[in-house]
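A closer look at the structure
What follows is the residue order along each chain.
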Amino acid sequence: KSKLISWLQLIRVPNLFTVPGDILIGYFVILDVSLSYKTFLLIIISLCLYSFGIILNDICDIHIDKIERPNRPLPSEKISLKSAYFATIILAICAISIACFLSEITLFVSILLLIVIILYNTILKKYNNLGAFSLAICRILNIILGASAHFAYSDESYLLLFLPILFIGTYILGVAKLAHNETEVLKKRNGIGLIIVSSLLWSYFLILGGFLRSEFHLSLLGLIFGMLVIIYFKKFDIRNPLKTQKLIGKLIGLLIIFQASCLVLFNANICAVLILLLIIPMQTIQKHFYSS
């Protein structure tokens, strides 16, 4: 049981609940499609690559974590480096193998995502802006991975991906910049402006879109999203590293509301409800496992 808890801590298990929504956004960009075995295989690929990146992150940061986060699984030696390396290899092989089974486009996007993850963990995260930008690219590629199931189609529906990608790229860029020095007292509001502006613009877009389409549940999602961002930052203190880490976990959780709103835009209402329901286990698990 103790070993299982350590592995769940290592892969940041609360964050895994934000992965399926990215895939579904990309998948439902082609209207009038339904869930199939491809959907679930794409989600498995995404979960494997996400877990791969998280474990590799802790492997590369082990010397820093021995000082700043000594109780985490790798620096505390609850999980050995050898086991962690082995897990990354297995996860990468699983992701690429499943991608080979689906399509050449899915394989290409998966390999590209894998490369960006490796570059981030080994080189790019040493530089605040480049590291944050590469994390934003990873989230964008995750959405494109979901759309890769339909790249054989020639459909203008792909243009619908522009707004979600623009938002999530800006939002994650802000969150990543904020998280770069999460264990320190922040001297400036790194990334906070990006998060607030992108969130409020997305909230406004949803509220307006809901009224124009007479879909008031969409407006409600936009209102909830915007209000939560305001509430979170109202209680935020840049001088308190613990509050910074908690805020990052909450901001990652807000991705679920964003994902659900995109699915409503793409007329995938049932999937939107299912994604929203993931908030319940995520919030419960966040009380016991860290997200950042």
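Please refer to the structure higher up on the page.
Summarised in this report is the structure supplied together with it. (Residues numbered from 1 in each chain as written. Predicted model: local features only at pLDDT ≥ 70, side-chain atom pairs only at ≥ 80, totals over all residues. Heavy atoms only, no water.)

What follows deals with the overall build of the protein chain. Across its full length, the protein chain holds 14 helices and zero strands. Listed by position from the N terminus, the elements making up the protein chain come as α-α-α-α-α-α-α-α-α-α-α-α-α-α. A globule of 292 residues ought to have a C-alpha radius of gyration of about 19 Å, and the protein chain, at 19 Å, matches this closely. If one aligns the C-alpha atoms of the protein chain with their principal axes, the spans along those axes are about 55 × 45 × 35 Å. Buried positions account for 52% of the 292 residues belonging to the protein chain. (Helix = DSSP H or I, 4+ residues; strand = E, 2+ residues; numbered from the N terminus. Rg over C-alpha atoms; globule rule 2.2 N^0.38 Å. Buried < 20%, exposed > 50% of the residue type's maximum accessible area, 1.4 Å probe, protein only.)

In the structure shown here, the tally under the stated rule is five salt bridges. With a shortest N-O distance of 2.8 Å, Arg12 and Asp58 are connected by a salt bridge. Of this pair, Arg12 sits in the loop between helix H1 (2-10) and helix H2 (19-27) while Asp58 sits in helix H3 (residues 37-60), and the two are 46 residues apart along the sequence. Residue classification places Arg12 among the buried residues on the basis of a relative accessible area of 4%. Under the relative-accessibility criterion, Asp58 is labelled buried at 2%. Arg139 is the partner of Asp22 in a salt bridge, and the nearest nitrogen-oxygen pair spans 2.5 Å. Of this pair, Asp22 sits in helix H2 while Arg139 sits in helix H7 (residues 128-147), placing them 117 residues apart in sequence. Here the two residues Asp22 and Arg139 agree in accessibility, since each one is buried. (Salt bridge = Lys/Arg side-chain N within 4 Å of Asp/Glu carboxyl O.)

The next point concerns the environment of Ile79. Take Ile79: it is sitting in the loop between helix H4 (62-68) and helix H5 (81-102). With relative accessibility at 1%, the residue Ile79 sits in the buried group. For the pair Ile79 and Lys3, spaced 76 residues apart in the sequence, the C-alpha separation amounts to 7.6 Å. Once you skip the residues sitting within four places of it in the chain, Ile79 turns out to touch Lys3, Ser6, Trp7, Leu10, Pro73, Leu74 and Ala84. (Contact = heavy atoms within 4.5 Å.)

This part covers the environment of Ser2. Along the chain, Ser2 falls in helix H1. Taking the C-alpha atoms as reference points, Ser2 and Lys78, 76 residues apart in sequence, are found 8.6 Å from one another.

By size, the foremost hydrophobic cluster in this structure holds 87 residues, and its most contacted members are Ile45, Tyr171, Phe225, Leu251 and Phe258. No other element matches the ten residues that H3 contributes to this core. What Leu251 contacts, discounting residues up to four positions off in sequence, is Tyr171, Val175, Leu178, Ile195 and Phe233. (Core = buried A, V, L, I, M, F, W, Y, C linked by side-chain atoms within 4.5 Å.)

Okay, the packing of aromatic side chains next. Taken as a whole and assessed by the stated rule, the structure comprises ten aromatic pairs. Measuring from centroid to centroid gives 4.6 Å for Phe167 and Phe258, while their planes differ by 40°, and the two rings are tilted. A residue pair is termed long-range when its members are at least 10 positions apart, and Phe167 in helix H8 (residues 162-179) and Phe258 in helix H12 (residues 255-265) qualify at 91 residues. Phe258 matches Phe167 in its accessibility class, with the two residues each being buried. Each residue in the set Phe167, Tyr171, Trp202, Phe205, Phe225 and Phe258 is aromatic and connected to the rest through ring pairs, giving one cluster. (Phe/Tyr/Trp six-rings, centres within 6.5 Å; stacked < 30°, edge-to-face > 60°.)

Along H1, the positions that sit buried rather than exposed are Ser6, Gln9 and Leu10. Buried residues of H1 fall within an arc of 100° about the axis and therefore sit on the same side. Against the buried residues of H1 lie H3. Positive backbone phi, at 55°, marks Arg12, one or two positions downstream of H1. (Arc of directions from axis to C-beta.)

Turning next to the side chain of Ser261. Within the element layout of this structure, Ser261 appears in helix H12. Taking relative accessible area as the criterion, Ser261 reaches 0% and is therefore assigned buried. The residues touching Ser261, leaving out its near neighbours within four places in the chain, are Trp202, Leu206, Leu218 and Leu221.

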